[in-house]
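The lines below spell out each chain.
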Amino acid sequence: MMKVKDRCKPPPKEKQLYSLKAAASKHSSGTEQDWWNNALRFLGLIAGLYLAYLYTCQLQLLHENQLWFSHLTELERDLSFRSESALYYSYYKQLVTAPSLYKEISTLLRARNINSFQDFSILPEIFLATLYRVAGLKHFVEPVYFYINVVFCMQGMQLMTLFCLAWILSGTPIAGCLAALFIMFNRESGTRAHTAVSLRECFAIPFVTGGILCTLLYHHSNQIEKTHAKVLSLLLTLVTNVCAAVTWQSTQIVFLLEGISLLVVQTLGLLPKGKVCGLLLCKVLAILAYSVVYPGYHNPLSSMFICFTIAWALVTFMHSSHYEGQVMPTYLYVLWWALTIGLSISLNTIFKLLFFGYEDSVLMFKYVCSKLGLALFKDFEIVVSLCHSAFQPMSKDTVLRTLGSGLLPCYVIAIAVFFKPIMAQIRNALQTHQEPQSKAQSSTLARRPDPAWAYAVLLSLLLGMLSLWTTRFQYLWVPCACSIAAAGVCHSKLWRDVSGAIGAKSSVSNMVRLMSIGTIILAVTLKEAPALLSQLRLMKQLHMPDTVALMQWIDSHTPHSAVFAGSCQILAATRLCTGRATTVGPYIEDNWLPKSAWQTYQIYAREDPGVVYDIMGRLGAEYMIVEAGLCSSLSTECSLVGAMDLAANVTSNKLGLATPPRFCEALQRDHTLHQFTLVFENQSFAVYKIA
């Protein structure tokens, strides 16, 4: 009885005080840890914002020094925009200076010959011009500075996005700092914003990287424990995907690569099907939004990503009806992917034939065959596209530059470390699992790769392969590679593997990790900073006296309603600097060369003057600009005159006395052609009035 009473007695006061102190100490340590984590997050965000600001200033200073932009006249500033950049900026300038913004936008939307809104995707220019005028910014900043500063700020936003991406993948803001350094030191391979401000990619790629960041947040288990956070990350993914889709047509190719990466991760069992369907739905809605913004120009069914999604849904439905709750054998996994890819290509071909006709589909087929070296086609559009610098394979300079800056070695290390568990997961997924799992197999399954890392690595590899084939996509791959390289080097997994290989303790591993990361940051900075500082100090100046004289003459000696013919590049400058109408716009990387370009370029073909005169009449041209450099250039494979000769089936062994001279050469030698009257001439240009 006494023992029972003793058990019911309350604990002594000393024990009660000890338990209270322990609880208070535990609560205090937890509070201190939360405070410390919040302080680190705050400092990390401040560091990211500061690095983004430095990157923006870097691009602004490079743009200023390369052109001495602040000391140029308005005409010279306009001429600093080249080719398609001049076309895009001309619409912004037209809207900013128009008496009525609403009427000018309506005129662009109702254009008959060239629908600029649909053909050239000038939605960013419409938005910026509207913002500039509605906000009354003309009292604070010039229109041109507002335009280029917005573009540079978007590049800073992209750096901040990639900073956060590296931080999320590695768990430390130090990785974000290293990623920012990689981006700054590999600027020539990672962006064209400071040399071609108005390109569509300069507006779209920040949204593309933002969409990748939101997708990683959606993948990351620690970030989506609560329903509202999950919905918010999915909503941000939708918004960024829509913004990217409506500003850059090539975003659909990126969506396709993202969709393939998502489905691979889902096939490996790293993501549930519901999450993958939600992310794919965001991209489908983005393409539908693009079709709504540009009605009549793009049918959503012609998108390769839409066709891939439809094919995946059909094949998945067949799999679910036959193998519900079962694990497919290895050969069926291969067959599943083969059916998905084959069906998506078939659907895309059928839809393109239905909605865009035979001609565009054949052009795409010829381009792919020529790019792969399977056949040689002489079509003018194919030759010009293949010779364009944006569609060339990745240059050796890019590889050497990334190798010298330390980006490529760190990227290879990160891919090697985090692709190994992905390969192990692939082996596990391909097993039939008909026998009981061994302990080794169970431990391998327990060490499944992080779905966020699996998605990032697969997407980066696909973008890298596409960049090797086409240069323009390296401006998306290089920034993403900077984040993955920095996150991989700073991740604790790499150093755990290293310490496990040498048998070191965890405390030693952490110290080696911090010292190694600091050494990498210091070495990269010391090696690349002097070259960057020398570039920032290098002063250049735009010098185009002949072009300036040409634009001044056109502006003062021709009526405002005059229509000009010439090369795509000089016509873009003519439209921007003088506001005159042109027969054709410049070559746009996202579109085929306009059909009227082939007719306009007959100026430099071996064609009879009477035929050229008839062509100019059909195009409505009143003046013709002939460039001496183009007319006298050699007929090489990638020159304009060479492309004209190749398309006309005129080769060097066929040139003879019976072959007519080039029309532009005939104009220079024979001044008796009464249809064409020389009205202006300097060393670089000649302007003829067409009777």
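Since we're looking at a predicted model, the values are computed, not measured.

**Q** How should I be thinking about the pairing of strand 5 (residues 685-690) in this particular structure?
**A** Moving residue by residue along a regular strand, the side chains alternate between the two faces of the sheet. Of all six residues in strand 5, five are buried, a share of seventy percent or more. Here five bridges tie strand 3 (residues 623-627) to strand 5, and the two strands are oriented antiparallel to one another. Following the sheet pairing, E627 is matched in strand 5 by F685. Counting the residues between successive antiparallel strands, the hairpin from strand 4 (residues 676-681) to strand 5 contains three residues.

**Q** What am I meant to see in the sheet that holds strand 5 here?
**A** What links the strands of a sheet is backbone hydrogen bonding, and the strands pair in either a parallel or an antiparallel sense. Spatially, 2-1-3-5-4 is the arrangement adopted by the five strands of the open sheet, whose pairing is mixed. The sheet is open, and its two borders are formed by strand 2 (581-582) and strand 4, each paired with just one other strand. The sheet contact formed by strand 1 (residues 563-565) and strand 3 spans two bridges and is parallel. What sits directly across from F564, in strand 3, is Y623. Across the sheet, helix 26 (residues 545-557) lies against strand 1, strand 3, strand 4 and strand 5, angled at about 25° from strand 5, the strand it touches most.

**Q** So what exactly am I meant to see when it comes to the side chain of Q602 here?
**A** Inspection of the secondary structure puts Q602 in the loop between helix 28 (595-600) and helix 29 (609-619). Residue Q602 is classed as buried on the basis of its relative accessible area of 6%. The residues touching Q602, leaving out its near neighbours within four places in the chain, are E607, V612, I615, M644 and F663.

**Q** Help me understand the nonpolar core, please; the structure alone is not making it clear to me.
**A** Considering soluble globular proteins, one finds that nonpolar side chains tend to be buried as a cluster. Within the largest apolar cluster, 137 residues are counted, with the highest numbers of intra-cluster contacts made by F81, Y92, Y147 and F182. Ranked by size, the runner-up nonpolar core spans 48 residues in total, among them M551, A562, I570 and C577.

**Q** Is there a simple way to think about a nonpolar patch on the surface in this case?
**A** A contiguous nonpolar patch, built from W35, W36, L40, F42, L43, I46 and L49 and spanning about 800 Å² of accessible area, is present on the exposed surface. Relative to the helices and strands, L40 is located in helix 2 (residues 13-67).

**Q** What is the right way to read the packing of aromatic side chains from this model?
**A** Pairs of aromatic rings are described using the distance from one ring centre to the other and the angle between the two planes. Across all of its chains, the model carries 16 aromatic pairs by this definition. Measuring from centroid to centroid gives 5.7 Å for Y89 and Y92, while their planes differ by 40°, and the two rings are tilted. Taken as a pair, Y89 and Y92 lie in helix 4 (residues 83-97) at a separation of three residues, close to a single helical turn. Residue Y92 is classed as buried on the basis of its relative accessible area, which comes to 0%. Residues W248 and F473 carry aromatic rings whose centres are separated by 6.2 Å and whose planes lie at 40° to one another, so their mutual orientation is tilted. Highlighted residues: W248 in the loop between helix 12 (227-247) and helix 13 (251-267) and F473 in the loop between helix 22 (451-469) and helix 23 (474-490), separated in sequence by 225 residues. Its relative accessible area of 4% is what places F473 among the buried residues. Aromatic ring contacts, followed pair by pair, group F81, Y89, Y92, Y147 and F203 into a single cluster.

**Q** What am I meant to see in empty space enclosed by the protein here?
**A** To find the voids left in a structure, one rolls a probe of water-molecule size over its atoms. In this structure the tally under the stated criterion is four cavities of 30 Å³ or more. Size it by volume and the largest cavity reaches roughly 80 Å³. Counting only elements with at least two residues in the lining of the largest cavity, the list comes to helix 11 (200-219), helix 22 and helix 23. Top element by residues in the lining of the largest cavity is helix 22. It accounts for four residues. For the second largest cavity, the calculated volume is near 50 Å³. Residue lining of the second largest cavity: Q155, Q158, G190, T191, R192, E201, C202, I205 and Y475, and that is the complete set. Contributions of two or more residues to the lining of the second largest cavity are made by helix 8 (143-170) and helix 11. When residues of the lining of the second largest cavity are assigned to their parent elements, the largest contribution, three residues, is made by helix 11. Residues of the lining of the second largest cavity, tallied by class, amount to three nonpolar, four polar and two charged.

**Q** Please clarify how the side chain of K93 should be interpreted in this entry.
**A** The topology assignment puts K93 in helix 4. Here K93 falls in the buried class, since its relative accessible area comes to 18%. Excluding its chain neighbours within four sequence positions, the residues that come into contact with K93 are E74, D78 and L576.

**Q** Sorry, what's going on with the packing of helix 4 against helix 7 (residues 123-134) here?
**A** The description of two packed helices rests on the angle between their axes and on the distance between the axes. Taken N-terminus to C-terminus, the directions of helix 4 and helix 7 make an angle of 30°; their axes are 9 Å apart at the nearest point. By the angle between their axes, helix 4 is roughly parallel relative to helix 7. At the point where helix 4 passes helix 7, the crossing takes the right-handed sense. Note on element contacts: helix 7 touches helix 4 through E125, I126, L128, A129, Y132 and R133, opposite Y88, Y92, L95 and V96.

**Q** Sorry, what's going on with the environment of I174 here?
**A** Structurally, I174 can be placed in helix 9 (residues 173-185). Each C-alpha atom of the pair I174 and A47 lies 9.4 Å from the other, and the pair is 127 residues apart in sequence. Leave out the neighbours within four places in its chain, and I174 touches C490, I517 and I521.

**Q** Teacher, can you tell me more about the state of the cysteines here?
**A** Each disulfide is one covalent bond, formed between the sulfur atoms of two cysteines. According to the stated counting rule, one finds one disulfide in the structure shown. Two residues share a disulfide in this structure: C631 and C664, whose sulfurs sit 2.1 Å from each other. Across the S-S bond linking C631 and C664, the dihedral sits near 95°, which makes this disulfide right-handed. With C631 in helix 30 (residues 628-631) and C664 in helix 32 (residues 663-669), the pair connects residues that are 33 residues apart, well separated along the chain. With relative accessibility at 4%, the residue C631 sits in the buried group. Using a relative accessible area of 1% as the deciding quantity, one classes C664 as buried. Unpaired in terms of disulfides, C177 finds its nearest cysteine sulfur in C490, a separation of 8.9 Å.

**Q** I would appreciate a short explanation of unusual backbone geometry in the present structure.
**A** Peptide bonds are trans in most cases, and residues, glycine excluded, mostly fall at negative phi. Positive phi values are uncommon outside glycine, yet W68 reaches one of about 55°. Along the polypeptide, W68 turns up in the loop between helix 2 and helix 3 (74-79). Residues other than glycine seldom take positive phi values, yet S83 does so here, at roughly 50°. If you trace the backbone, S83 turns up in helix 4.

About the cut-offs
- Residues numbered from 1 in each chain as written.
- Predicted model: local features only at pLDDT ≥ 70, side-chain atom pairs only at ≥ 80, totals over all residues.
- Heavy atoms only, no water.
- Buried < 20%, exposed > 50% of the residue type's maximum accessible area, 1.4 Å probe, protein only.
- Helix = DSSP H or I, 4+ residues; strand = E, 2+ residues; numbered from the N terminus.
- Pairing = 2+ DSSP bridges.
- Contact = heavy atoms within 4.5 Å.
- Axes fitted to C-alpha atoms, helices over the stretch in contact; angles between N-to-C directions.
- Core = buried A, V, L, I, M, F, W, Y, C linked by side-chain atoms within 4.5 Å.
- Patch = residues over 30% accessible without salt bridge, like charges linked within 9 Å, V, L, I, M, F, W, Y side chains within 5 Å.
- Areas by Shrake-Rupley, 256 points an atom, 1.4 Å probe, with all protein chains shown as cover.
- Salt bridge = Lys/Arg side-chain N within 4 Å of Asp/Glu carboxyl O.
- Phe/Tyr/Trp six-rings, centres within 6.5 Å; stacked < 30°, edge-to-face > 60°.
- 1 Å grid on protein atoms, 1.4 Å probe; cavity = no way out; pocket = protein on both sides within 12 Å on 5 of 7 lines; lining within 4 Å.
- Points joined across faces, edges and corners; volume = space filled by probe spheres on them.
- Nonpolar A, V, L, I, M, F, W, Y, C, P; charged D, E, K, R; others polar.
- Parallel < 35°, antiparallel > 145°, perpendicular 65-115°, else oblique.
- Left-handed = near helix turned anticlockwise from the far one by under 90°.
- Disulfide = S-S within 2.5 Å.

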